[in-house]
Amino acid sequence: MPTNSPINQRIEALRQAMRTHHIDAYIIPSGDAHLSEYTPERWKSRTWISGFTGSAGTALVTLDKSFMWTDSRYYLQATNELQGSEMTLQRGDDPDTPTIQQYLSTHLSEGAVVGVDGACYSMAEYAPLAQSLANHGIKLVSQYDLIEEVWSDRPSVPTNTFYLQDVKFSGERTRDRLQRIREAYQSYGAEAVAITMVDELCWSFNIRGNDVSYNPVGIAFGFIDNERAYLFALPEKTVPELRQILNGEGVEIRDYDTFYDFLSKLPQDLKVMVDPKRTSQRVREELGERPVITGDSVISHLKSIKNETEIAGIHRAMHRDGVALTRFFIWLEQALKKGEHVDEYSAGETLQQFRAKQEFYVSDSFGVICGYQAHGAIVHYSATPESAYKLEPKGMLLLDSGGQYIDGTTDITRTIALGPVTDQQRTDFTLVLKGHIAIATARFPKGTRGNQLDILARKALWDRGLSYGHGTGHGVGVFMNVHEGPQNIRTDNNPTPMHLHTFTSNEPGLYRADQYGIRIENLILTVEKEQTEFGTFYGFETMTLCYLDNALVDKSLLTDQEIAWYNDYQEHVYQELSPLLTPEEAEWLRNKTLPL
């Protein structure tokens with residue numbers, strides 16, 4: 001193992017800091033001081049210490065070993081990125097792999113000390129870990145940001161300015177939104193709510209930013225009580241005009257660095273509501289002995305239910321996104337026919353250019369996942385100019401991408417044939433399609449949870465001994481984070497039901513390592529279908545507009561009902577998009593959407 005590798009040098013520097021503070025093991029999570037999935041450069045501590053760039057994972061460094069825990073989406077990526085360092089991959093989804101908690105409990109001696117940066121560790125993760133370690137005589141401490149001590153050129157907190165999200169896109173004034181938040185937390189007996197997560201903060205105050213790649217959010221904290229609302233941001237992030245508007249909506253702006261001190265000086269009897277999953281341990285400790293009311297975030301719940309203005313914006317954004325995708329696929333088909341050099345990386349760049357020509361486009365909603373052949377089996381593959389495969393007129397391409405438009409956020413995956421494909425590929429695609437259709441056509445009683453629906457997406461695969469490791473659906477924001485809660489569709493036991501007007505992905509898949517990957521993703525809106533003597537029944541409206549590839553479908557594996565849904569969807573895509581295309585483009589789309 002090369003001891004002079006940059007990663008190994010960083011790990012050794014961290015160990016020196018651990019020895020100074022008498023810490024035997026140090027945990028570095030993926031999140032930042034706002035518990036974000038996508039973090040600004042300042043808080044990419046886990047990537048800095050390990051070299052692993054996936055969006056999910058936790059590093060552990062002891063005085064003689066180091067590890068990276070991640071899930072099945074990233075096994076191939078992590079294996080590649082950890083090469084050349086001492087850090088060992090731990091496959092988190094493998095039942096035989098110990099958790100970090102189990103590893104520490106069995107490998108550290110009684111009296112040992114484990115450290116975390118409490119500002120970047122949620123209450124929900126910290127409390128059970130502290131208790132489990134205490135059962136073995138091991139102490140967990142949260143006051144040390146050791147990465148700050150050893151990362152000499154660590155980036156600073158971003159200073160990009162916030163801007164207002166106009167009410168014509170949000171559908172609600174800030175003061176009205178704040179009042180709804182107050183009513184929501186008051187129903188739990190609380191008198192205030194602390195806001196750590198930046199998507200909840202930006203939604204609450206009707207502001208947006210560009211501190212985080214792909215997500216139009218800015219770094220700040222928030223606090224709302226029955227009388228006032230507070231935005232804690234670096235001074236340079238709020239221009240005078242925005243300050244005036246927010247002040248007029250009942251928001252007082254204070255300096256970012258005063259947030260924790262503000263919490264520590266609140267009235268001792270103030271009842272503050274926090275969501276342990278969305279609140280850092282540092283916030284909890286600053287609140288001290290005050291009466292804290294814990295529960296699911298009322299802001300997350302309110303944000304997940306889209307109003308009429310937001311739903312109308314989503315529809316408009318889907319039409320523009322569909323036009324961009326159609327033009328991209330036309331370009332790709334023509335480029336391959338001409339024998340032009342196109343690889344995974346350049347294809348992703350070209351798709352971004354087609355989106356950028358659309359009205360209200362701001363950015364992509366995440367890094368394009370463009371995986372050809374074997375790279376398609378890497379669930380969150382990210383092509384580089386060096387790693388990119390050249391696309392050829394054969395096999396399959398998996399393309400997962402999305403756009404951030406001022407009036408909506410998109411996220412879509414299409415798997416298409418670039419030329420001849422095998423019978424197995426068509427069978428696999430059709431099995432995934434059956435699961436996708438099962439979710440799209442599901443009807444279920446009000447109160448049904450996503451984990452109760454998840455089996456619909458997997459049954460056709462499970463019947464043949466096949467499966468996939470990721471969730472089937474995640475919540476999606478409106479010009480906000482492409483991943484949001486609280487609802488999802490996955491095997492995990494999430495108690496949140498599929499509320500009316502929530503916006504979620506539908507994306508079953510199948511991945512054969514070193515061969516190919518398949519995923520079909522549309523975004524769906526929960527809508528009311530009917531009321532019977534058995535109650536109210538919900539279903540989904542498919543919002544995404546982009547053709548599915550007929551060349552990959554084995555019609556013999558589909559039922560009559562599945563064929564009807566498929567043909568209806570293809571026709572819907574054509575009818576909605578063709579008026580927005582040139583006659584030549586519309587003719588191309590007509591041929592792609594012919595009935596099976």
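Quantities reported herein were computed from a predicted structural model and do not represent experimental measurements. (Residues numbered from 1 in each chain as written. Predicted model: local features only at pLDDT ≥ 70, side-chain atom pairs only at ≥ 80, totals over all residues. Heavy atoms only, no water.)

Student: When you look at the overall build of the protein chain in this model, what are you seeing that I'm missing?
Tutor: Secondary structure summary: the protein chain contains 19 helices and 28 strands in total. Overall, the C-alpha framework of the protein chain stretches about 65 × 60 × 50 Å when taken along its three principal axes. Expressed as a percentage of its 596 residues, the buried residues of the protein chain come to 59%. Long-range pairs, those at least 24 residues apart, make up 69% of the contacts in the protein chain with a sequence separation of at least 6. Summed over its atoms, the accessible surface of the protein chain is roughly 24,000 Å², and 48% of this surface lies on carbon and sulfur atoms. (Helix = DSSP H or I, 4+ residues; strand = E, 2+ residues; numbered from the N terminus. Buried < 20%, exposed > 50% of the residue type's maximum accessible area, 1.4 Å probe, protein only. Contact = heavy atoms within 4.5 Å. Areas by Shrake-Rupley, 256 points an atom, 1.4 Å probe, with all protein chains shown as cover.)

Student: Any chance you could explain the packing of aromatic side chains here in plain terms?
Tutor: For any pair of aromatic rings, the description consists of the separation of the ring centres together with the inter-plane angle of the planes. What the rule picks out here adds up to 24 aromatic pairs. Judged by centre distance (5.1 Å) and plane angle (65°), the rings of Phe232 and Phe259 are edge-to-face. Taken together, the positions of Phe232 in strand E11 (residues 229-233) and Phe259 in helix H11 (residues 259-264) put the pair 27 residues apart, joining distant regions of the chain. For the residue pair Phe232 and Phe259, the accessibility class agrees, reading buried in each case. Ring geometry for Tyr547 versus Trp588: centroids 5.5 Å apart, planes at 85°, classification edge-to-face. (Phe/Tyr/Trp six-rings, centres within 6.5 Å; stacked < 30°, edge-to-face > 60°.)

Student: Teacher, can you tell me more about the sheet that holds strand E16 (residues 369-372) here?
Tutor: In sheet architecture, strand pairing relies on hydrogen bonds along the backbone and comes in two forms, parallel and antiparallel. An order of E16-E17-E20 is seen for the three strands of this open sheet, with the pairing classed as antiparallel. Among the strands making up the open sheet, the edge pair consists of E16 and strand E20 (412-417). Taken pair by pair, the neighbouring strands of this sheet meet at an average axis angle of 10°, ignoring direction. Relative to E20, strand E17 (residues 396-401) is paired through six bridges, and the arrangement is antiparallel. Each residue of the ladder has a partner; that of Met396, found in E20, is Ala417. Where helix H14 (residues 308-337) meets the sheet, it contacts E17 and E20, and its direction lies at approximately 25° from that of E20. (Pairing = 2+ DSSP bridges. Axes fitted to C-alpha atoms, helices over the stretch in contact; angles between N-to-C directions.)

Student: How should I be thinking about the UniProt feature "domain: Peptidase M24" (unreviewed entry) in the protein chain in this particular structure?
Tutor: Per the UniProt annotation, the sites labelled "domain: Peptidase M24" (unreviewed entry) are residues 313-526. Within the segment residues 313-526, helix and strand shares are 32% and 25% respectively, and the terminal C-alpha atoms sit 16 Å apart. (UniProt positions renumbered as here; feature names shortened; annotations may be inferred.)

Student: What am I meant to see in unusual backbone geometry here?
Tutor: Across the chain, the bulk of peptide bonds are trans and the bulk of non-glycine residues have phi less than zero. Looking along the chain, the bond that leaves Gly485 and enters Pro486 is cis, with omega of 5°. Here Pro486 shows up in strand E23 (residues 484-489). Even without a glycine there, the phi angle at Leu35 is positive, about 55°. Along the chain, Leu35 turns up in the loop between strand E1 (25-28) and helix H2 (45-50). Here Leu35 falls in the buried class, since its relative accessible area comes to 14%.

Student: Sorry, what's going on with a nonpolar patch on the surface here?
Tutor: A cluster of nonpolar side chains, contributed by Ile455, Leu456 and Trp462, occupies part of the molecular surface with about 260 Å² of accessible area. Tracing the backbone shows Leu456 in helix H17 (residues 450-462). Owing to a relative accessible area of 35%, Leu456 belongs among the partly exposed residues under this scheme. (Patch = residues over 30% accessible without salt bridge, like charges linked within 9 Å, V, L, I, M, F, W, Y side chains within 5 Å. Salt bridge = Lys/Arg side-chain N within 4 Å of Asp/Glu carboxyl O.)

Student: Just checking my understanding: could you explain the pairing of E23 for this structure?
Tutor: A regular strand places its side chains so that they alternate between the two faces of the sheet. Across the six residues that make up E23, a large majority, six, are buried. Alignment of strand E22 (residues 473-475) against E23, held across three bridges, turns out to be antiparallel. Bridge pairing links His474 to Asn488 in E23.

Student: Teacher, can you tell me more about the sheet that holds strand E13 (residues 272-274) here?
Tutor: Pairing within the open sheet is mixed, and its six strands lie in the order E12-E11-E10-E8-E13-E14. Because the sheet does not close on itself, it has two edges, and the strands there are strand E12 (251-255) and strand E14 (292-294). Each adjacent strand pair in this sheet contributes to an overall mean axis angle of 25°, direction not counted. Here strand E10 (residues 221-225) runs beside E11; their pairing, made up of four bridges, is antiparallel. By the bridge assignment, Phe223 is partnered in E11 with Tyr230. The sheet contacts of helix H9 (residues 198-205) involve strand E8 (192-195), E10, E11 and E12, and relative to E11 the element is tilted by about 130°.

Student: Is there a simple way to explain the domain arrangement of the protein chain in this structure?
Tutor: Interface size is often expressed as the accessible area that is lost when the parts come together. Split into domains, the protein chain comes out as domain 1 (6-150), domain 2 (163-304) and domain 3 (308-581). Counting residues at the interface gives 22 residues for domain 2, matched by 25 residues for domain 3. Carbon and sulfur atoms make up 55% of the area that domain 2 and domain 3 hide from each other, which totals about 1,800 Å². If you sort the residues of domain 2 by the area they bury against domain 3, Phe169, Tyr214 and Ser304 come out on top, with a joint share of 38%. For the interface between domain 2 and domain 3, the tally reads one salt bridge. (Domains from an automatic or database assignment. Buried area = accessible area lost by both parts, 1.4 Å probe.)

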